[in-house]
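# Understanding the architecture of this molecule
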Amino acid sequence: MSEINVNLADRSYPIVVEKGAISRLAKRWHSLDLGTNVAIITNPSLVNLYANKLKTGLEREGAKCHILTFEPGESHKTLASVAELLDTLLALKFERIDTIIALGGGIVGDVAGFVASIYLRGIHLIQCPTTLLAQVDASIGGKTGVNHPTGKNLIGSFYQPLMVISDTDTLSSLSKRELLCGLAEVVKYGFIRDVALFDYMYEHAASIRELNVTKDASIWEHLVTRSAANKADVVSQDERESGLRETLNLGHTFAHGIEAATHYTVYLHGEAVAIGMRLAADLAVLMGELAASDRDKMIQIMTLLGFDLSLEKRLSESLLPYFYQDKKVRHGKLRFVLPTGIGSTTVRKDVSEDLLRAVLSSVV
Ligand code: GLY
């Protein structure tokens, strides 16, 4: 069991990474003093898997528990889903002292977190991430929100939870594809700030690439804990993304372009992030920020772990306009987080379209 702290003065909170953490949360509920009513917001597919058990455990401890669901997928990460959840909470007469538990992946965490941030101007929120991606990234740091027809995550708030409960047992219900997607964000921490994590992944690459979280439980627990610690440290220093937090976007400008150009139907986010980190490394070499030998090490570890870093020529040629839809564009200028070595980055705001075309035309 590991407990990591996000240090934000009076809004500080713990991240608990532990096998069986969800049932332990229920057992200590009465000591937390978080109201009588609890809404577990989740996906229909997680009701039988985890939500019913959590509800039974919480009720044993005296809570009055309700399971609220909305359909999974980016197309339901909308203001309409938020409105429906708010209507239900109002009908149930939830008070400000009551609690929302977000039980699920990144989409559940973002939507439930946003609901918690605006219901009665903010009620208690506990994040219970059940995907690797959510455990290592999305559930930590308070970004919440929904999509708008004109773009992803355009409406939202910063709203920190009271705690993050990462039960590593939940990883065993994920597909290998979902695990690999989460792994892209783990690799990212190695690239941007954690050489020891990079070395660990290199040393254990043969086991990690099997994506067998049951057989290699201690390796996966280490990957989650180390990643959560990195995310907690970044958020503690830069909650509102005015500097350091931006480095978490390594590969993401490219990735968002790849996802948007393929209408979010071909690549999962982590798959696009892995290709994006490869493109960022190529761009960094072209701009003289990164030694080619470090770029090769980055490509090597991602390949060893099982990522497909190829990009179809037709797709790479169509990407450029999509980069400008990125939320991080400032005054029409693109900003790229680039690696400057294993474990370090810089941000460049002067990347020309010619350079981008050169990078995109060099990938196969
Ligand atoms: N997922 C990036 C961030 O939380 O800032």
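Refer to the preceding data block for the structure.
Residues numbered from 1 in each chain as written. Predicted model: local features only at pLDDT ≥ 70, side-chain atom pairs only at ≥ 80, totals over all residues. Heavy atoms only, no water.

### Some remarks on the overall build of the chain
- Per the secondary structure count, the chain includes 15 helices and 11 strands.
- Computed over its C-alpha atoms, the radius of gyration of the chain comes to 20 Å, within 12% of the 21 Å expected for a compact globule of 364 residues.
- Over its C-alpha atoms, taken along the principal directions, the chain stretches across nearly 60 × 40 × 35 Å.
- For the chain, the share of sequence-separated contacts (at least 6 apart) that also reach a separation of at least 24 residues comes to 75%.
- Counting every atom, the chain has about 15200 Å² of accessible surface; 52% of that belongs to carbon and sulfur.
- Averaging the locations of the 38 positively and 42 negatively charged side chains of the chain gives two centres separated by 2 Å. (Helix = DSSP H or I, 4+ residues; strand = E, 2+ residues; numbered from the N terminus. Rg over C-alpha atoms; globule rule 2.2 N^0.38 Å. Contact = heavy atoms within 4.5 Å. Areas by Shrake-Rupley, 256 points an atom, 1.4 Å probe, with all protein chains shown as cover. Lys, Arg positive; Asp, Glu negative; His and termini not counted. Charge placed at Lys NZ, Arg CZ, Asp CG, Glu CD.)

### What to know about the nonpolar core
- The biggest cluster of nonpolar side chains holds 78 residues, and the ones touching the most others in it are L183, L223 and F307.
- Ranked by residue count, the leading element in this core is helix α11 (residues 269-286), at 10 residues.
- Apart from the residues within four sequence positions on either side, L183 is in contact with L132, I208, L211, W220, L223, L305 and F307. (Core = buried A, V, L, I, M, F, W, Y, C linked by side-chain atoms within 4.5 Å. Buried < 20%, exposed > 50% of the residue type's maximum accessible area, 1.4 Å probe, protein only.)

### Side note on the sheet that holds strand β5 (residues 99-104)
- The strand order across the open sheet formed by 7 strands is β1-β2-β9-β6-β5-β3-β4, and the pairing between neighbours is mixed. One side of each edge strand has no neighbouring strand; the edge strands of this open sheet are β1 (2-6) and β4 (64-69). The average angle at which neighbouring strand axes cross in this sheet is 20 degrees, direction not considered.
- Here helix α4 (residues 106-118) sits on the sheet and contacts β3 (37-42), β5 and β6 (124-129); the angle it forms with β5, its principal contact strand, is near 165 degrees. (Pairing = 2+ DSSP bridges. Axes fitted to C-alpha atoms, helices over the stretch in contact; angles between N-to-C directions.)

### Quick look at empty space enclosed by the protein
- Per the counting criterion, the structure on display carries 2 cavities of 30 Å³ or more.
- As a volume, the largest cavity reaches approximately 50 Å³.
- Lining the largest cavity are 13 residues, and of these G104, G105, G109, Q127 and S139 lie nearest its centre.
- Put simply, the parts of the chain that give the lining of the largest cavity at least two residues each are β5, α4, β6 and α5 (132-138).
- Of the residues belonging to the lining of the largest cavity, the class tally is 7 nonpolar, 6 polar and no charged.
- In this structure, the second largest cavity encloses a volume near 40 Å³.
- Taken together, L125, Q127, A138, S139, I140, G141, G142, K143, T144, Y159 and P161 make up the full set of residues lining the second largest cavity.
- Only β6 and β7 (143-148) provide two or more residues apiece to the lining of the second largest cavity.
- Its residues placed into classes, the lining of the second largest cavity shows 5 nonpolar, 5 polar and 1 charged. (1 Å grid on protein atoms, 1.4 Å probe; cavity = no way out; pocket = protein on both sides within 12 Å on 5 of 7 lines; lining within 4 Å. Points joined across faces, edges and corners; volume = space filled by probe spheres on them. Nonpolar A, V, L, I, M, F, W, Y, C, P; charged D, E, K, R; others polar.)

### Focus: the pairing of β4
- Across 6 bridges, the pairing between β3 and β4 is parallel. Following the sheet pairing, T42 is matched in β4 by T69.
- With helix α2 (residues 47-60) bridging β3 and its parallel neighbour β4, the resulting β-α-β unit is right-handed. (Right-handed = clockwise from strand over helix to strand, strands pointing away.)

### A few points about helix α3 (residues 79-91)
- Here α3 spans 18 Å end to end across 13 residues, near enough to the 18 Å set by a 1.5 Å rise per residue.
- By the burial criterion, the buried members of α3 are S81, V82, L85, L86 and L89. The buried side chains of α3 occupy one side of the element, clustering within an arc of 135 degrees when seen end-on. Looking at α3, the residues exposed on the side facing more than 90 degrees away from the buried face are A80, E84, D87, L90 and A91.
- In the core, the buried residues of α3 are packed alongside β3, β4, β5, α4 and β7.
- Positive backbone phi, at 60 degrees, marks K93, one or two positions downstream of α3. (Expected span 1.5 Å × (residues − 1). Arc of directions from axis to C-beta.)

### Some points on the site of the ligand
- If you check the shell around the ligand, you find D137, K143, K231, E241, R245 and L248 and nothing else.
- For the ligand, an oxygen atom lies 2.9 Å from a polar atom in the side chain of K143.
- Contacts to the ligand include K231, whose side-chain N or O atom sits 2.7 Å from an oxygen atom.
- Of the residues in the shell around the ligand, the class split is 1 nonpolar, no polar and 5 charged. (Near = heavy atom within 4 Å. Polar contact = N/O pair within 3.5 Å; in protein donor to acceptor, adjacent residues only side chain to side chain.)

### Some details on the state of the cysteines
- Under the criterion given, the structure shown has 0 disulfides.
- Sulfur of C65: no disulfide; nearest cysteine sulfur belongs to C128 and is 11 Å away.
- Judged by relative accessible area, C65 falls into the buried class, the value being 5%. (Disulfide = S-S within 2.5 Å.)

### What to know about the packing of aromatic side chains
- Scanning the model with the defined rule gives 5 aromatic pairs in all.
- Where F198 meets Y202, the ring centres are 6.5 Å apart and the plane angle is 25 degrees; that geometry is what we call stacked. Here F198 and its partner Y202 are both found in helix α7 (residues 195-203), 4 residues apart, which amounts to about one turn of the helix.
- By relative accessible area, which is 5% here, F198 ends up buried.
- Ring pairs connect the aromatic residues F191, F198 and Y202, which therefore count as one cluster.
- If you follow K188 out to its NZ or CZ, it ends over the ring of Y189, 5.3 Å from the centre. (Phe/Tyr/Trp six-rings, centres within 6.5 Å; stacked < 30°, edge-to-face > 60°. Lys NZ or Arg CZ within 6 Å of the ring centre and 35° of its normal.)

None of the figures reported here should be taken as evidence of function without further support.
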